Amino acid sequence: MPLPVEKITMDALQMCNRTAPYQQKIAWGEAETFVKMRLGEAIGGQAGQVYLMRNTTESLDAVLTHHRLSAGEYLYHSTHDYPHGINAMQQRSVEHNVPLHTIEYDLEGTDEQIVQSYAQALQAPGLLLLTHVQHRTGRVLPVAEIVSVAHEAGVRVLLDAAHSMGHIEHSVAEMGCDYYCTSLHKWLSAPLGTGLLWVHDDQIDCMPTRPAAPASAAPGLRWDYMGTHAFYLKMGITAALDWQEEIGGLARKQARLSYLTQYWTQRLADQPMEIVYAPAYGAVAMLRSDKYSASKLLQLLREGGFHAKTVGNKSLKSGVRISTNLFVTESDLDRMTDYLISHH
């Protein structure tokens, strides 16, 4: 977390703990409305409602648990979606006897091949879980094209955008999704425990009212009744949005993140390693080694003092995910790549 964001968050936390909850709700009510407006503008979500959540998983759960499905409708997900989302899909399928279809596609294939895989699979109305930026390789899916074929089949789209906000430029209006879920603590660098759920106006009535909400609650406010909570986190979100603007905005940030990824991958281009990444986008890439298994490669990196994570599934050969944030410098990447080269 950037130091200016941390300071504002901690100051707000101290104020929060020294003030009665009812006073906080009165004093910070306008601040909450303002931060939701800014978040909506940041994702191009003027045609919908923003709800503040704790993370992507909670946002996905809210939709996957409560989105109303009619008889004969299906649930859809792919093998490359995040495990928590798949788990929620499977639970909804079992508990409500809803057919569940798993979509297979080659994550390293072309955009056209991926869209065709979805078009062939979406044969009945329902709800599709779709990932925007793949958490394993950084691959950015052609969301607008997939949403188009989904809507033609009568399928609503729940977009898992956990790695999108504050990472790459995008717009829910252009992508056309019905629901959008993201974590604000990842690439936006807001405090832990901050996330966002956006619901298109057309889908508001598909979501139930929170039990605590009064019967008179407007449809767009049904998910805002959560009782006393960590009000100070909203100040941290505002600070993170301000900081992103102060460093030149998302376009400049994305360009830097993409540059850093290309910098270290190019240094390893002629080594006995395979790199899977999306060079035109952002900061996530997957590294495979001809010499080491994914687990051994992870161990090697951690012994060298580098943070990484093993990734892969039955449809994607395992490797190690490497992410470069703004605080990473070229000298850091020189040290990592020199270390890897010396061990191959």
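Please refer to the structure placed before this passage.
Engineer: If you had to explain the overall build of the protein to someone new, which residues and values would you point to?
Structural biologist: If you tally the helices and strands in the protein, you get 12 helices and 11 strands. Against the compact-globule benchmark of 20 Å for 344 residues, the protein has a radius of gyration of 21 Å, which places it among compact chains. Projected onto its principal axes, the C-alpha positions of the protein cover 65 × 55 × 30 Å. For the protein, the proportion of its 344 residues judged to be buried stands at 53%. Accessible surface for the protein amounts to roughly 15800 Å². Of this, 51% is attributable to carbon and sulfur atoms. Averaging the locations of the 28 positively and 36 negatively charged side chains of the protein gives two centres separated by 7 Å.

Engineer: Please provide a residue-by-residue account of the packing of helix 11 (residues 294-303) against helix 12 (residues 330-342), values included.
Structural biologist: Between helix 11 and helix 12, whose axes approach to 11 Å, the crossing angle comes to 125°. Judged on the interaxial angle alone, helix 12 and helix 11 are oblique. Taken as a pair, helix 11 and helix 12 cross one another with a handedness that is right-handed. Between helix 11, through Leu-297, Leu-300, Leu-301 and Glu-303, and helix 12, the contact on the second element is made entirely by Met-336, Tyr-339 and Leu-340. Classifying every residue of the contact of helix 11 with helix 12 by side-chain character gives six nonpolar, no polar and one charged.

Engineer: Which residues make up the sheet that holds strand 9 (residues 284-289), and what values do they have?
Structural biologist: One open sheet holds the four strands; their spatial order is 8-9-11-10, and the pairing between them is antiparallel. The strands lining the two open edges of the sheet, one partner per strand, are strand 8 (273-277) and strand 10 (309-313). The average undirected angle you get between the axes of adjacent strands in this sheet is 35°. With five bridges joining them, strand 8 and strand 9 adopt antiparallel strand pairing. Across the sheet, the residue bridging to Val-276 is Met-286, located in strand 9.

Engineer: Which residues make up the layout of surface pockets, and what are the values?
Structural biologist: In this model, the largest pocket occupies a volume close to 830 Å³. Along its surface, the largest pocket is lined by 25 residues, and Ser-323, Thr-324, Asn-325, Phe-327 and Val-328 are the ones closest to its centre. Residue classes in the lining of the largest pocket are distributed as 12 nonpolar, eight polar and five charged.

Engineer: Just give me the short version of the environment of Val-98, but keep the residues and values in it.
Structural biologist: Assignment of secondary structure puts Val-98 in the loop between helix 5 (83-96) and strand 3 (100-103). The exposure class of Val-98 is buried, given its relative accessible area of 11%. Val-98 sits 28 residues away from Ser-70 along the chain, and the two C-alpha atoms are 9.4 Å apart. Look past the residues within four positions of Val-98 in its chain and what remains in contact with it is Leu-69, Glu-73, Tyr-74, Leu-75, Arg-92 and Ser-93.

Cut-offs used in this document
Residues numbered from 1 in each chain as written. Predicted model: local features only at pLDDT ≥ 70, side-chain atom pairs only at ≥ 80, totals over all residues. Heavy atoms only, no water. Helix = DSSP H or I, 4+ residues; strand = E, 2+ residues; numbered from the N terminus. Rg over C-alpha atoms; globule rule 2.2 N^0.38 Å. Buried < 20%, exposed > 50% of the residue type's maximum accessible area, 1.4 Å probe, protein only. Areas by Shrake-Rupley, 256 points an atom, 1.4 Å probe, with all protein chains shown as cover. Lys, Arg positive; Asp, Glu negative; His and termini not counted. Charge placed at Lys NZ, Arg CZ, Asp CG, Glu CD. Axes fitted to C-alpha atoms, helices over the stretch in contact; angles between N-to-C directions. Parallel < 35°, antiparallel > 145°, perpendicular 65-115°, else oblique. Left-handed = near helix turned anticlockwise from the far one by under 90°. Contact = heavy atoms within 4.5 Å. Nonpolar A, V, L, I, M, F, W, Y, C, P; charged D, E, K, R; others polar. Pairing = 2+ DSSP bridges. 1 Å grid on protein atoms, 1.4 Å probe; cavity = no way out; pocket = protein on both sides within 12 Å on 5 of 7 lines; lining within 4 Å. Points joined across faces, edges and corners; volume = space filled by probe spheres on them.

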